[in-house]
Amino acid sequence: MIQPEVPLDDDVLVTRARAGDLEAYDLLVARHTASAYRTAVLLGAGSDSEDVIQEAFVKGYRKLSRFRGESSFRSWLLSIVANETRNLHRSRTRRDGLVLRAAAANPTSEIAEDDAVGAVLAGERRAALVEALRQLPERDREVIVCRFFLDLSEEETVATLGWPRGTVKSRTSRALAKLRGLLDREEVRRG
């Protein structure tokens, strides 16, 4: 009788990759590419997202010996992606169009006539949210993206951003209040 193949968890793959098993690191890359890409896009890397995640995976491999396992491999990797995205922002001469360019440009696929009004309203709400996020300071934007767009837990956000837990809690609360204020102002402006 053939035993079904059991997928290896990240800890086993990290141990194998540290021992020089490139296939194990390839599996880690394959497993976490989507969330790394999404993180880079949502943190504002935009069209440079693929370059950011490629650099993050290379740095991750080089620094694998520094991974202590205090957080998940995913959180550790996403912190590298976040740092690479910050590095990208620092190196850009222009800072236009930071967060969620991809979300704002995402066209709605074929819509039935009955759904047309709902789609227009949803598009307007999405555009208002994108604009409000762009107005937030970078650190507020980062915590909102991690907690609500990437759906990271508080612990994963701590590991990803490299901030103390109290800072994540307080900044999340303040950033949400700022975002609500910006969205309320937009609602009043539009009438």
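Parameters and conventions
- Residues numbered from 1 in each chain as written.
- Predicted model: local features only at pLDDT ≥ 70, side-chain atom pairs only at ≥ 80, totals over all residues.
- Heavy atoms only, no water.
- Phe/Tyr/Trp six-rings, centres within 6.5 Å; stacked < 30°, edge-to-face > 60°.
- Buried < 20%, exposed > 50% of the residue type's maximum accessible area, 1.4 Å probe, protein only.
- Lys NZ or Arg CZ within 6 Å of the ring centre and 35° of its normal.
- Core = buried A, V, L, I, M, F, W, Y, C linked by side-chain atoms within 4.5 Å.
- Helix = DSSP H or I, 4+ residues; strand = E, 2+ residues; numbered from the N terminus.
- Contact = heavy atoms within 4.5 Å.

Engineer: I'm lost on the packing of aromatic side chains in this one. Help?
Structural biologist: Two measures describe an aromatic ring pair: the distance that separates the ring centres and the angle between the ring planes. On inspection of all chains with the given rule, the structure shows 4 aromatic pairs. Consider the rings of F67 and W76, whose centres lie 5.2 Å apart with planes at 55 degrees: the pair is tilted. Of the two residues examined, F67 and W76, each falls in the buried class. Counting every residue linked through ring pairs, the aromatic cluster contains F67, F73 and W76. One residue, R171, lies across the ring of W163, its end atom 5.5 Å from the ring centre.

Engineer: Please clarify how the nonpolar core should be interpreted in this entry.
Structural biologist: Most often, soluble globular proteins have nonpolar side chains that are buried together. Among the nonpolar cores identified, the biggest contains 41 residues, and Y25, L64, F73, V81, V143 and I144 are the most heavily contacted of them. Among the secondary structure elements, those contributing two or more residues to this core are helix 1 (10-18), helix 2 (22-42), helix 3 (49-62), helix 4 (73-91), helix 6 (116-135), helix 7 (138-149), helix 8 (154-161) and helix 9 (165-190). Considering each element in turn, this core owes the most residues, 8 residues, to helix 4. Apart from residues lying up to four places away in sequence, V81 is in contact with A36, T39, A40, V52, I53 and A56.

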